[in-house]
Structures are given as structure tokens and as C-alpha cells.
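Summary of structural features
Here are the chains, one letter per residue:
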Amino acid sequence: MADRDQAAVATWIRGERLYRDLQFDSAYVLLREAVQIDSLLILAALRGAQAAKWAHDGLRTDTLLALAVRHDSLLIPEQVHFAHGQAAHYKGDANAAVDRFRQALDLRRDWPEAWTALGETYFHLLPEDAEGYQLAEEAFRVSFRLDPDFEPPLIHLTEIEVWNGDHDAASTLLGRMRESRADSSTILWLELMASCARDGVPAIPWEEALSADPGATYAAARALATGARYPVCAEAGLRTILDDPQDRPGFSYSWGSLMTLGGLLVAQGRGEETVQIWREAEASGNTGAMPFLYLVGGTVSDPVSGQAARIDSMAQRMFGPEYERFRPIEGWSLASWHSSQG
């Protein structure tokens, strides 16, 4: 720190405190300011990338991680592994991320951030040696035990407690996050999830939540759909988003709801309803990536497979005789479909 701009260091420390208390948007503003003052304050860049990721700001996450990796010579060895682990996680390379985080922990076993990052990788990306959410939960609990004031692991621990049906434990964790003045979006997302799992659909004001925060509403519904643990609650939230008559910003939440609800219905053997929902979306002009949905859904659902076969029959006309014009998502979905057909 001696060679760094001291105003930048002071700003970074303020941002660090906000991050630890789950105030990600405010933390990002300060961490970005610290990097603007001193672009070689790489620890601030690393933390800023994490805050941006929690705030679902992919472009800023990518930019700050690239800066950190480019200047990793300014970091001590465990931080080098941590930076490269974060970059691998963000690219979706789960096994490389796990390897880097474990190397960081080999150098510093009592580092809660590295344990949390390891848990995040297992939670979101499930590398080859993962066993459901068990390894993620273990990593989050180690992090929390090492530093109870470092609160980011509490977010996914709350989700896991809800999935496990331990509503008292989830309520305790939520109360702790409220006390630290966590971002309202984070609290709303977890409260909706916990309340619907505990009390059932009629008690949940999905429309009110959607008006307040579409992102938190979708996050809660998606989390309830995970593993089809709370399918009735999840379906109610997702349909609320899709049925919303308001022209709200954030089309991606409608698209996410189309994808998540379709997957949930397919998982329950309700393929006919899936096709109906997706056809209604097509009729309303939401057609951009519908082929992707049909192709992937068709791999496991007979009612959806008819639509998938129709799309496959047009694929060479759409993408060229050798499929040379498709994008990665289209190539992946076509490959999934052909694999399912032998």
C-alpha cells in the first residue's frame, strides 16, 4: 500500500466495508472511484469486480477482472491465485477456478474470501467433483466461522436453508442481514423466497414485489424453481412476471422467466403447457431465442420435441450447409438436440 495513492486506499477501505455489509451498489461506486484515482490499486479492482457481479453488471465485472489479471505482479501469491480464480469463475471455467482458489487456500487457510469464492464456484458452476450443494455449503460455513462479520456467504446459506426446509435458520440469517443494512434488492429476493417456501403462494404479494424490484422478484422465483423444490411458489412468481401488463424496463426478466418456467414445467412432465407458453410468447413478438428453448426442451420432453424437430429441419437453411453462421448458443442447442436423438 505504501506505493499507492492514499486517497485511493482510503476510498477502497470505505468500499470494502460496504461490500462486507452486502451493500453492493454503494460499494461498487466507491471501489470504482478508488480504481479511477489509482488504476494500480488492484485489490480495489478485484473487490469492485465482485461487487459488480453481485449487482449483475457483467461489463464492469469483466473490465475490472481483466485489469486485476493484467497487473497480477502487484499482488502477493495467494492474491494472484484469487484473481485468476475469479477470472476463471466469471468465464465459466469451474475446474480452473476451483484449482486456483484451492491454491490460494493452501497458502492461507484462514482466508474467508477465498472460502466464499470456492463456495460460489461450487454453487453456481458445479465443477466435475461437485456433490450437489454440499461442497458449496461447507465452504460458506467455513468462511462464516472464520469471520462472522464477512456477510456475503450468508446470501447463499440462506437459500440453502430454505431449500433444506429449515425456515428458522433462514429467518435468523435474514435478520442478521437486515441489521447490517444489506441492499434492499438482496433482502427482498431472500424474503420472497423464504416467505413463499414457509407460508405458501397466497401470502406472497408477487405483483407488489414486481412493481418494487423486477430483478429481485425474478431472482426469488428462479431460486424457488431450483431442483423443483418449491414448484408451485416458483410458477406463481414466474407467471406474475410474464403476465405483467406494465411496460417495465428489464426485458431480460421476462426472457429469464420464459426459460425458467418452461424448464420447470418440462421437469414436471407438463410439456404441452410449455409449448403453449412459448407459442404465446412468439405470437407477442418475443421470438429472438425461441429456437434455443425448443431445442433444449425437446431433448427431454416429447411434446416439445416436435417443435425441436421442425426447427432442426430448418437449421441448415438458417445457418448454412455446414452450420457456419450459427452463434455458440445455437450450436450448443443444436448439438444437444442431435445428441438426444442419437
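Note: the structure precedes this text.
The rules behind the values
- Positions within a chain are numbered from 1, following the residues in the order the chain's sequence is written.
- Restriction of local features to residues with pLDDT of at least 70 applies here, the model being predicted, together with a cutoff of 80 or more for giving and counting side-chain atom pairs; totals for whole chains, interfaces and linings are based on all residues.
- To obtain the side-chain values, all non-hydrogen atoms of the structure were included, while hydrogens and water were left out.
- Labels follow the DSSP assignment, with helices taken as runs of H or I lasting at least four residues and strands as runs of E lasting at least two, numbered in each case from the N terminus.
- A radius of gyration in this sense is built from C-alpha atoms; the matching globule rule multiplies 2.2 Å by the number of residues raised to 0.38.
- Think of it in three bands: with a 1.4 Å probe and only protein chains considered, a residue is buried below 20% of the maximum accessible area for its type, exposed above 50%, and partly exposed in between.
- Contacts were defined at the residue level, with two residues in contact if any of their heavy atoms lie within 4.5 Å.
- A fitted line through C-alpha atoms represents every axis, and for helices the fit uses only the stretch in contact; the resulting angles, taken between N-to-C directions, go from 0 to 180 degrees.
- With respect to orientation, any angle under 35 degrees is reported as roughly parallel, any angle over 145 as roughly antiparallel, any angle of 65 to 115 as roughly perpendicular, and every other angle as oblique.
- Handedness of each helix crossing follows the sense of rotation of the near helix against the far helix: counterclockwise by less than a right angle gives left-handed, clockwise gives right-handed.
- Lys, Arg, Asp and Glu make up the charged group, whereas Ala, Val, Leu, Ile, Met, Phe, Trp, Tyr, Cys and Pro make up the nonpolar group; the residues left over, Gly among them, are polar.
- A side-chain nitrogen of Lys or Arg and a carboxyl oxygen of Asp or Glu constitute a salt bridge if their distance falls within 4 Å.
- Residue count minus one, scaled by 1.5 Å, sets the expected span of a helix.
- Summarising the geometry, the arc corresponds to the directions from the helix axis toward the C-beta atoms.

Turning our eyes to something else, we now look at the overall build of the chain. Scanning the chain from terminus to terminus reveals 19 helices and zero strands. In terms of overall size, the chain behaves like a compact globule, its C-alpha atoms giving a radius of gyration of 22 Å where 342 residues would be expected to give roughly 20 Å. The buried share of the chain, reckoned over its 342 residues, is 51%. A sequence separation of at least 24 residues applies to 57% of the contacts in the chain between residues at least 6 apart.

At a minimum axis distance of 11 Å, the contact between helix H3 (residues 42–54) and helix H5 (residues 77–91) shows a crossing angle of 30°. Judged by the inter-axis angle, H3 sits roughly parallel to H5. Between H3 and H5 lies a crossing whose hand is left-handed. For the pair H3 and H5, the contacting residues are Leu 43, Leu 46, Gln 50 and Lys 53 in the first and Gln 79, Phe 82, Ala 83, Gln 86, His 89 and Tyr 90 in the second. Here the contact of H3 with H5 is built from residues that sort into five nonpolar, four polar and one charged.

Next up on the list: the side chain of Glu 120. Locating Glu 120 in the fold gives a position in helix H7 (residues 112–125). On the basis of relative accessibility, which here comes to 6%, the residue Glu 120 falls in the buried class. In this view, Glu 120 contacts Lys 53, Trp 54, His 89, Leu 125, Phe 140 and His 156; residues no more than four positions away in its chain are not counted.

A few words on the pattern of salt bridges. In this structure the tally under the stated criterion is 16 salt bridges. A salt bridge links Glu 161 to Arg 141; the nearest nitrogen and oxygen atoms lie 2.7 Å apart. In this pair, Glu 161 sits in helix H9 (residues 152–164) while Arg 141 sits in helix H8 (residues 134–146), placing the two residues 20 residues apart along the sequence. On the basis of relative accessible area, Glu 161 is assigned to the buried category, the value being 8%. The partly exposed category is assigned to Arg 141, whose relative accessible area is 32%. Arg 239 is paired through a salt bridge with Glu 273; the nearest N and O atoms lie 3.8 Å apart. With Arg 239 in helix H14 (residues 231–243) and Glu 273 in helix H16 (residues 271–283), the pair connects residues that are 34 residues apart, well separated along the chain.

Before going further, it helps to examine helix H19 (residues 328–340). Compared with the 18 Å implied by 1.5 Å per residue over 13 residues, the 18 Å span of H19 between its first and last C-alpha is a close match. Along H19, the residues classified as buried are Glu 330, Gly 331, Ser 333, Leu 334 and Trp 337. Down the axis of H19, the sector holding all buried residues measures 165°, keeping them to one side. Away from its buried face, by an angle of more than 90 degrees, H19 presents the exposed residues Pro 328, Trp 332 and Ser 339. Among the structural elements, helix H17 (290–298) and helix H18 (302–319) are those in contact with the buried residues of H19. Gly 342, located one to two residues past H19, shows a positive phi value of around 80°.

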